[in-house]
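# Per-entry structural report
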Protein chains: 2
Amino acid sequence: MVNNKIPQATAKRLPLYYRFLNNLHIQGKDRVSSKELSNAMKVDSATIRRDFSYFGALGKKGYGYNVDYLLGFFRKTLDQDENTPVALIGVGNLGTAFLNYNFTKNNNTKIEVAFDADPSKVGKSIGKIEVHHVDDLEAHIGDIQVAILTVPVSEAQPMTDRLIQSGVKGILNFTPARITVPNDVRVHHIDLAVELQSLVYFMKHYPLDVE
Amino acid sequence: MVNNKIPQATAKRLPLYYRFLNNLHIQGKDRVSSKELSNAMKVDSATIRRDFSYFGALGKKGYGYNVDYLLGFFRKTLDQDENTPVALIGVGNLGTAFLNYNFTKNNNTKIEVAFDADPSKVGKSIGKIEVHHVDDLEAHIGDIQVAILTVPVSEAQPMTDRLIQSGVKGILNFTPARITVPNDVRVHHIDLAVELQSLVYFMKHYPLDVE
DNA sequence: AAAAAGTCGTGAAATAATTCACGAACGAGT
DNA sequence: ACTCGTTCGTGAATTATTTCACGACTTTTT
Ligand SMILES: NC(=O)c1ccc[n+]([C@@H]2O[C@H](COP(=O)([O-])OP(=O)(O)OC[C@H]3O[C@@H](n4cnc5c(N)ncnc54)[C@H](O)[C@@H]3O)[C@@H](O)[C@H]2O)c1
Ligand SMILES: NC(=O)c1ccc[n+]([C@@H]2O[C@H](COP(=O)([O-])OP(=O)(O)OC[C@H]3O[C@@H](n4cnc5c(N)ncnc54)[C@H](O)[C@@H]3O)[C@@H](O)[C@H]2O)c1
């Protein structure tokens with residue numbers, strides 16, 4: 001279960017590899033080289049080979065990788081067979097978009113339940129997911145361990161504390177707040193305003209640069 | 001203009017620093033230490049000092065940093081005085097959320113124009129931004145250089161090519177497609193499905209880990 | 001006025017990640 | 001069966017980033 005041999009940079013690329021291999025599989029391709037993968041995913045081919053090599057020798061020299069074998073391997077590694085339920089907190093602009101989309105393509109994660117504080121949203125269903133009042137969080141969250149946080153920034157820390165109280169161990173945080181959590185809880189921040197500004201900064205200050 | 005002395009990792013944190021300093025300024029705080037910044041932004045204090053030091057000696061030993069001075073400095077560095085117009089392509093779930101939000105808080109970026117291929121969306125205004133038909137892209141995009149791409153994955157590459165034809169130099173790409181661009185165009189991928197899966201992977205395989 | 005406490009800026013060390021480059025192995029063609 | 005071209009896996013080099021740790025200087029306290 002503990003797998004600290006895999007560099008974090010590699011771990012972040014695994015879902016990308018998985019999705020791309022799945023697409024190749026659907027297209028009926030049975031063989032692929034690190035060079036082809038590199039062109040398609042914009043990751044250096046040596047990096048791809050190095051990443052794969054942490055899991056052992058998955059390819060054949062002079063041939064490349066067998067798509068089905070590799071896909072099966074990553075399916076197990078990423079636990080794609082067991083589903084991971086997710087809770088969404090804050091059914092506003094972003095939350096609604098996520099509910100409608102719901103990450104179901106090539107994916108083992110699914111939003112199972114949503115919460116909002118606004119009575120006019122409670123009781124509705126969006127993308128087949130029912131919206132509960134956030135006061136009933138504890139009653140409906142069950143043992144879900146993953147939460148997507150799309151509440152106003154002022155609610156971010158209080159809601160985080162409550163989620164952790166309910167047993168949540170991972171939060172995908174879209175608010176600009178840098179939330180504080182115990183160190184057995186993992187938070188990934190996706191700060192869209194920062195991403196946009198940072199793109200602009202790079203455009204102005206790193207002309208002709210490579211990605 | 002060219003500023004290749006600044007490490008990329010540092011550059012990515014600059015907008016975060018700017019926003020946080022702006023909040024301190026609004027709160028009327030006039031002094032801050034790297035330690036306080038570290039607690040609030042969850043970035044190691046030595047990293048913060050190192051980041052700042054690329055721009056010169058901005059602080060005072062034994063005192064910390066003057067909030068207004070630092071803020072003014074970052075405002076210039078991040079060109080916060082000049083506005084950067086942005087085009088949004090694809091007014092679906094995500095695109096609508098972005099239009100409603102529109103990045104206007106503490107921010108010099110603003111979506112000025114939106115495009116969609118669906119006639120039922122064209123002509124409407126969302127968050128005060130008018131939606132044009134994508135066929136009229138060239139007529140309405142003007143000299144906007146930054147685009148947010150929220151179209152279906154199959155449209156990602158064709159739309160990218162067309163945007164570049166129109167002079168776009170930076171794309172914030174929310175589609176799962178790894179788009180191909182000339183090397184004077186910068187692309188930042190935000191792959192939400194990958195982010196969610198990667199969070200789950202880290203939760204399962206790196207227990208008790210630090211962020 | 002002197003001592004104590006605080007904090008920056010940074011050289012150097014440590015850690016992390018990427019990239020080069022090549023030997024070994026394999027497949028395909030003749 | 002042999003040769004040629006391909007592609008992996010990886011040691012070593014390189015590059016990037018973070019972190020330690022301390023001297024220098026400022027502010028605060030007594
Ligand atoms: N929409 C964007 O494009 C965008 C971009 C960058 C950052 N963000 C950030 O993402 C977050 C959500 O943005 P949004 O545009 O969806 O906001 P929004 O205001 O549209 O949605 C927030 C929702 O949370 C609900 N809510 C409020 N308090 C709550 C609570 N205690 N518990 C549960 N629900 C609660 C509100 O009723 C509302 O439905 C914000 O923090 C925002 O800063 C959004
Ligand atoms: N919504 C999410 O939560 C989510 C999560 C992960 C990834 N994504 C990705 O983001 C992208 C957008 O997602 P969405 O949920 O907003 O999709 P969507 O289908 O709701 O929106 C896509 C919009 O693009 C428009 N469109 C189609 N072709 C176009 C063209 N050529 N030019 C301009 N507009 C065009 C459609 O009319 C539609 O309004 C997709 O690629 C999706 O895979 C979305």
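Conventions and cut-offs
- Residues numbered from 1 in each chain as written.
- Chains lettered and ligands numbered in written order.
- Predicted model: local features only at pLDDT ≥ 70, side-chain atom pairs only at ≥ 80, totals over all residues.
- Heavy atoms only, no water.
- Helix = DSSP H or I, 4+ residues; strand = E, 2+ residues; numbered from the N terminus.
- Buried < 20%, exposed > 50% of the residue type's maximum accessible area, 1.4 Å probe, protein only.
- Contact = heavy atoms within 4.5 Å.
- Lys, Arg positive; Asp, Glu negative; His and termini not counted.
- Charge placed at Lys NZ, Arg CZ, Asp CG, Glu CD.
- Near = heavy atom within 4 Å.
- Polar contact = N/O pair within 3.5 Å; in protein donor to acceptor, adjacent residues only side chain to side chain.
- Areas by Shrake-Rupley, 256 points an atom, 1.4 Å probe, with all protein chains shown as cover.
- Salt bridge = Lys/Arg side-chain N within 4 Å of Asp/Glu carboxyl O.
- Domains from an automatic or database assignment.
- Axes fitted to C-alpha atoms, helices over the stretch in contact; angles between N-to-C directions.
- Parallel < 35°, antiparallel > 145°, perpendicular 65-115°, else oblique.
- Left-handed = near helix turned anticlockwise from the far one by under 90°.
- Nonpolar A, V, L, I, M, F, W, Y, C, P; charged D, E, K, R; others polar.

## Things to note about the overall build of chain A
Counting its secondary structure elements, chain A contains eight helices and nine strands. Referenced to the eigenvectors of the C-alpha coordinate spread, the extents of chain A come out at roughly 60 × 45 × 35 Å. The 211 residues of chain A split such that 50% are buried. Residue pairs in contact within chain A that sit at least 24 positions apart in sequence constitute 53% of those at least 6 positions apart. Of the charged side chains in chain A, 24 are positive and 23 negative; the average position of the first set lies 11 Å away from that of the second.

## Section: the site of ligand 2
Close to ligand 2 lie 24 residues; Asn93, Leu94, Asp116, Lys121 and Val151 of chain B are nearest. Those residues lying near ligand 2 are distributed over chains A and B. One nitrogen or oxygen atom from the main chain of Val91 of chain B is found 3.4 Å from an oxygen atom belonging to ligand 2. In this structure, an oxygen atom belonging to ligand 2 sits 2.7 Å away from a main-chain N or O atom of Val151 of chain B. Contact with the protein chains hides 85% of the accessible area of ligand 2, taken as 820 Å² for the molecule alone. If you list the elements that add at least two residues to the shell around ligand 2, you get α5 (93-101) of chain A together with α5 (93-101) and α7 (153-165) of chain B.

## Quick word on the pattern of salt bridges
Evaluation of the coordinates by the stated rule reveals 16 salt bridges over all chains. In this structure, Arg178 of chain A engages Asp191 of chain A in a salt bridge whose closest nitrogen and oxygen atoms are separated by 3.3 Å. Residue Arg178 of chain A is located in the loop between β8 (170-173) and β9 (186-189), and its partner Asp191 of chain A is located in the loop between β9 and α8 (192-205); the two are separated by 13 residues in the primary sequence. For Arg178 of chain A, a relative accessible area of 22% translates into the label partly exposed. If you follow the salt bridges from partner to partner, you end up with Arg19 of chain A together with Arg178 and Asp191 of chain B in one network.

## Side note on the domain arrangement of chain A
On domain assignment, one finds that chain A holds domain 1 (8-77) and domain 2 (84-194). Taking only C-alpha atoms into account, the centre of domain 1 of chain A sits 31 Å from that of domain 2 of chain A.

## Points about the packing of α8 of chain A against helix α1 (residues 8-26) of chain B
Across the interface, α8 of chain A lies against α1 of chain B with an axial gap of 9 Å and an inter-helix angle of 125°. By the angle class used here, α8 of chain A and α1 of chain B are oblique. The way α8 of chain A lies across α1 of chain B gives a crossing that is right-handed. Across the interface between the two elements, Ala193, Val194, Gln197, Ser198, Tyr201 and Phe202 of chain A of α8 of chain A pack against Gln8, Ala11, Lys12, Leu14, Pro15, Leu16 and Arg19 of chain B of α1 of chain B. In terms of residue class, the contact of α8 of chain A with α1 of chain B is made up of eight nonpolar, three polar and two charged.

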